[in-house]
Amino acid sequence: MVQKYQSPVRVYKYPFELIMAAYERRFPTCPLIPMFVGSDTVNEFKSEDGAIHVIERRCKLDVDAPRLLKKIAGVDYVYFVQKNSLNSRERTLHIEAYNETFSNRVIINEHCCYTVHPENEDWTCFEQSASLDIKSFFGFESTVEKIAMKQYTSNIKKGKEIIEYYLRQLEEEGITFVPRWTPPSITPCSDTSLSSCKKQAASMAVVIPDAALKEGLSGDALSSPSAPEPVVGTPDDKLDADYIKRYLGDLTPLQESCLIRLRQWLQETHKGKIPKDEHILRFLRARDFNIDKAREIMCQSLTWRKQHQVDYILETWTPPQVLQDYYAGGWHHHDKDGRPLYVLRLGQMDTKGLVRALGEEALLRYVLSINEEGLRRCEENTKVFGRPISSWTCLVDLEGLNMRHLWRPGVKALLRIIEVVEANYPETLGRLLILRAPRVFPVLWTLVSPFIDDNTRRKFLIYAGNDYQGPGGLLDYIDKEIIPDFLSGECMCEVPEGGLVPKSLYRTAEELENEDLKLWTETIYQSASVFKGAPHEILIQIVDASSVITWDFDVCKGDIVFNIYHSKRSPQPAKKDSLGAHSITSPGGNNVQLIDKVWQLGRDYSMVESPLICKEGESVQGSHVTRWPGFYILQWKFHSMPACAASSLPRVDDVLASLQVSSHKCKVMYYTEVIGSEDFRGSMTSLESSHSGFSQLSAATTSSSQSHSSSMISR
């Protein structure tokens with residue numbers, strides 16, 4: 001497996017030329033890197049005007065590896081080739097390195113670049129990326145991989161220290177300024193010597209000698225002034241190390257790399273509609289920074305949020321009065337670490353009465369609104385306390401807990417809530433303080449604990465009776481001034497006291513079922529299943545030509561092909577596939593086929609858009625300006641893997657994708673709308689009012705504008 005690393009942008013608040021002077025002092029050897037024994041210059045090239053300097057070195061490393069492994073490998077030192085390409089005109093330095101030793105068994109590539117900060121020309125940015133691919137190593141592949149990653153990580157941490165060390169050294173020597181490169185002066189020319197002036201000017205242009213090319217000095221290093229290479233993007237495009245430390249916390253280099261790589265993948269596939277960095281980091285932490293696992297659960301969560309419009313729950317949903325009066329929970333200041341504090345008096349709450357009066361779905365939606373409010377408060381506290389705060393503390397008072405709380409439908413609702421919260425709000429619970437646990441608590445804990453993630457379970461602190469008042473109790477986590485009054489504290493707590501829900505508010509099972517269905521169908525999106533040989537199709541009738549059909553859909557599972565057809569006559573009544581999958585929380589998941597098997601393409605109907613292949617996890621938006629009235633059919637069809645040519649092997653990604661599509665089944669979630677051409681201002685204009693973005697979790701949601709027949713994948 002190829003290991004990859006991508007650094008954040010590291011910013012030095014020094015000019016590029018001074019950083020280069022410090023960097024050059026690392027050679028031929030650096031005492032701050034013990035494994036760097038020395039280096040020899042192999043090739044060197046300088047342009048006539050001095051703007052370009054390319055130097056290739058052979059570096060000798062003493063890798064910290066077991067003596068036995070070195071003996072088996074038959075080497076004491078490892079050699080790398082490093083090529084530095086300095087362009088003083090553009091103020092860039094590109095560094096490329098690869099291993100010379102064991103190059104047929106291990107492939108190591110590294111690329112670093114120093115560039116001028118895009119917003120401050122007196123600052124310098126640094127980035128690096130690397131890859132490690134161990135083909136074979138005498139049966140010690142895993143050991144070598146661990147050693148290599150450990151050595152590389154330690155060197156990354158020292159990188160900034162080394163530059164700062166040599167900057168201090170330069171300062172001690174009185175060097176605090178290095179002038180920028182300027183082109184050699186040109187003697188003014190008379191008309192008679194115009195041809196000689198042209199020759200002199202031409203000599204200042206960046207020209208790569210044939211000899212330099214033969215020595216392997218690539219043209220990439222010698223960028224032309226007219227086409228500078230865009231190395232560093234805007235702060236919105238990339239993460240810098242200072243931002244990570246301030247808003248996300250202390251991460252190891254490999255953890256930073258995982259965050260950046262997953263963020264890049266989201267930018268490519270979701271086109272601006274990506275979660276905030278804090279939320280991406282939560283999913284990575286929940287899966288121990290395994291990118292593939294984190295990506296899978298995060299995509300499922302983003303689809304879930306979009307389908308049920310969770311981003312807008314705080315603005316669009318008002319809790320029923322019964323919840324406001326009898327749900328014994330609320331926010332109460334913060335703990336000693338600055339985390340928002342949520343107080344839940346579970347023992348005083350009539351869970352049976354709430355379930356009978358409101359139903360399971362209303363309770364779930366209320367808990368979701370609490371979690372959304374928690375995310376908002378974490379952002380506020382991060383700004384207030386000046387340090388990253390990404391989770392909250394929950395204080396649960398169990399005084400009054402009895403067998404009534406173990407009512408089976410109530411426990412079922414609790415388990416459902418835990419399951420949804422665990423899947424969509426990972427690593428948001430910083431600490432759970434359970435106070436005054438009665439004897440019946442172990443029974444409840446036995447029922448609930450299997451549904452709680454191991455990482456979450458480690459954050460539980462349970463106190464029986466008045467143990468919370470002793471050493472290691474509540475005062476270790478919450479300031480004395482804000483301990484609630486019902487826990488013998490001094491602070492008045494505005495959390496409702498709960499109590500029994502009047503039976504007059506109870507509703508029948510049929511009423512609750514209808515209410516539950518209404519809650520989860522309040523969405524503009526519909527779900528559909530797509531099977532091999534059974535596409536899902538929807539019919540749109542167009543009366544006025546030049547109308548605009550817009551669509552927004554997510555591929556939840558499998559790969560599909562999206563088509564748009566036109567027919568002058570209406571298809572037969574829709575045939576619904578009996579195999580359609582119905583999820584627990586959504587009434588969707590149907591499969592409808594409209595195009596009759598006897599219809600022929602080109603005679604009975606025609607294709608008006610090129611087929612669009614959409615991969616699992618992609619979000620697709622687009623529009624089509626109709627040319628004729630009639631019937632338009634939007635089709636989502638199962639995408640079969642093409643047969644590989646005899647001379648080529650299938651890509652690993654394609655093989656893995658084919659394995660993931662079980663039972664030849666795909667799932668899509670879609671929304672369509674037809675608007676008049678006079679009202680059309682872009683393919684996403686009508687969708688902006690339909691809450692199709694992840695506003696609460698994303699820093700910015702963008703949309704594209706297209707005025708003609710078009711479709712766009714958010715890649």
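Residues numbered from 1 in each chain as written. Predicted model: local features only at pLDDT ≥ 70, side-chain atom pairs only at ≥ 80, totals over all residues. Heavy atoms only, no water.

Going by an unreviewed UniProt entry, the protein carries the name SEC14-like protein 1 and comes from Macaca fascicularis. According to the UniProt record, the Subunit (unreviewed entry) comment for the protein reads "Interacts with RIGI (via tandem CARD domain); the interaction is direct. Interacts (via GOLD domain) with SLC18A3; the interaction is direct. Interacts with SLC5A7 (via GOLD domain); the interaction is direct." (UniProt positions renumbered as here; feature names shortened; annotations may be inferred.)

Where strand β14 (residues 526–531) lies against strand β24 (residues 665–675), six bridges are found, and the strand directions are antiparallel. The partner of Gln526 across the bridge, within β24, is Tyr670. Bridging between strand β16 (residues 548–557) and β24 involves nine bridges; their strand directions are antiparallel. Across the sheet, Asp552 pairs through a bridge with Tyr671, a residue of β24. (Pairing = 2+ DSSP bridges. Helix = DSSP H or I, 4+ residues; strand = E, 2+ residues; numbered from the N terminus.)

The geometry of helix α13 (residues 360–385) relative to helix α14 (residues 408–424) is characterised by a closest axis approach of 10 Å and an angle of 40 degrees between their N-to-C directions. As for the relative orientation of α13 and α14, their crossing is right-handed in sense. Residue-level contacts link Glu360, Glu361, Leu363, Leu364, Val367, Leu368 and Asn371 of α13 to Lys412, Ala413, Arg416, Ile417, Val420 and Val421 of α14. Across the contact of α13 with α14, the residue classes tally to eight nonpolar, one polar and four charged. (Axes fitted to C-alpha atoms, helices over the stretch in contact; angles between N-to-C directions. Left-handed = near helix turned anticlockwise from the far one by under 90°. Contact = heavy atoms within 4.5 Å. Nonpolar A, V, L, I, M, F, W, Y, C, P; charged D, E, K, R; others polar.)

Before going further, it helps to spend a moment on the packing of helix α7 (residues 253–270) against helix α8 (residues 277–286). For the pair α7 and α8, interaxial distance at closest approach is 10 Å and the crossing angle is 115 degrees. As α7 runs across α8, the sense of the crossing is right-handed. Contact with α7, carried on its side by Cys258, Leu259, Leu262, Arg263 and Leu266, involves Asp277, Ile280, Leu281 and Leu284 of α8 and no other residues of that element. In terms of residue class, the contact of α7 with α8 is built from seven nonpolar, no polar and two charged.

Compared with the 46 Å implied by 1.5 Å per residue over 32 residues, the 46 Å span of helix α3 (residues 141–172) between its first and last C-alpha is a close match. Where α3 bends most, at Lys158, the angle is about 35 degrees. Downstream of α3 by one or two residues, Gly174 has phi in the positive range, about 85 degrees. (Expected span 1.5 Å × (residues − 1). Bend = angle between axes of the 7 residues up to and from the residue.)

Per the counting criterion, the structure on display carries 33 salt bridges. A salt bridge links Glu24 to Arg57; the shortest N-O distance between them is 3.3 Å. With Glu24 in helix α1 (residues 16–24) and Arg57 in strand β4 (residues 52–61), this residue pair connects regions lying 33 residues apart in the sequence. By relative accessible area, Glu24 is classed as partly exposed at 38%. If you follow the salt bridges from partner to partner, you end up with Asp335, Asp337, Arg339 and Arg431 in one network. (Salt bridge = Lys/Arg side-chain N within 4 Å of Asp/Glu carboxyl O. Buried < 20%, exposed > 50% of the residue type's maximum accessible area, 1.4 Å probe, protein only.)

Pairing is mixed across the open sheet formed by five strands, whose spatial order is β9-β10-β11-β12-β13. Whereas interior strands pair on both sides, the edge strands pair on one side only; in this sheet they are β9 (329–334) and β13 (460–464). Neighbour-to-neighbour, the strand axes of this sheet turn through a mean angle of 20 degrees, independent of strand direction. The pairing of β9 with strand β10 (residues 340–344) spans four bridges and is antiparallel. When the sheet's bridge partners are listed, Trp331 is paired in β10 with Tyr342. Of the strands in this sheet, β9, β10 and β11 (392–397) touch α13, which is tilted by about 5 degrees from β9.

Tallied over the full model, the rule gives 21 aromatic pairs. Between the aromatic rings of Phe102 and Phe137, the centroid separation amounts to 5.0 Å while the plane-to-plane angle is 75 degrees, which identifies the pairing as edge-to-face. Here Phe137 lies in the loop between β8 (120–134) and α3 and Phe102 lies in the loop between β6 (92–99) and β7 (106–117), a separation of 35 residues in the sequence. Its relative accessible area of 5% is what places Phe137 among the buried residues. (Phe/Tyr/Trp six-rings, centres within 6.5 Å; stacked < 30°, edge-to-face > 60°.)

Residue Pro28 is reached from Phe27 by a cis peptide bond, and omega for that bond is 5 degrees. Among the secondary structure elements, Pro28 is positioned in the loop between α1 and β3 (36–46). In this structure, Phe138 is a non-glycine residue whose phi angle is positive, near 55 degrees. With respect to the helices and strands, the residue Phe138 is situated in the loop between β8 and α3. Of the residues examined, Phe138 reaches a relative accessible area of 36% and is grouped as partly exposed. With phi around 55 degrees, His333 is a residue other than glycine that occupies positive phi space.

Next up on the list: helix α12 (residues 351–358). Along α12, six of the eight residues are buried, which leaves the element largely enclosed by surrounding structure. All of the buried residues along α12 are Thr351, Gly353, Leu354, Val355, Ala357 and Leu358. Gly359 lies just past α12 and shows a positive phi near 95 degrees.

As for its position among the elements, Glu145 is in helix α3. A relative accessible area of 23% places Glu145 in the partly exposed class. C-alpha of Glu145 to C-alpha of Ile134: the two residues are eleven residues apart in sequence and 7.3 Å apart in space. Side-chain polar atoms of Glu145 contact the side chain of Gln3, separated by 3.1 Å. (Polar contact = N/O pair within 3.5 Å; in protein donor to acceptor, adjacent residues only side chain to side chain.)

You can see Ser257 is positioned in helix α7. Under the relative-accessibility criterion, Ser257 is labelled buried at 1%. A distance of 2.7 Å separates the side chain of Ser257 from the backbone nitrogen of Gln6, its partner in a polar contact. Ignoring any residue separated from it by four or fewer positions in sequence, one finds Ser257 in contact with Lys4, Tyr5 and Gln6.

Attention now goes to the environment of Arg282. Summarising the element assignment, Arg282 is placed in helix α8. Judged by its relative accessible area of 6%, Arg282 falls in the buried class. Considered as a pair, Arg282 and Ala294 are twelve residues apart in the sequence and their alpha carbons are 9.0 Å apart. Leaving out residues up to four positions away in the same chain, Arg282 has contacts with Leu375, Cys378, Ser390, Pro426, Glu427 and Thr428.

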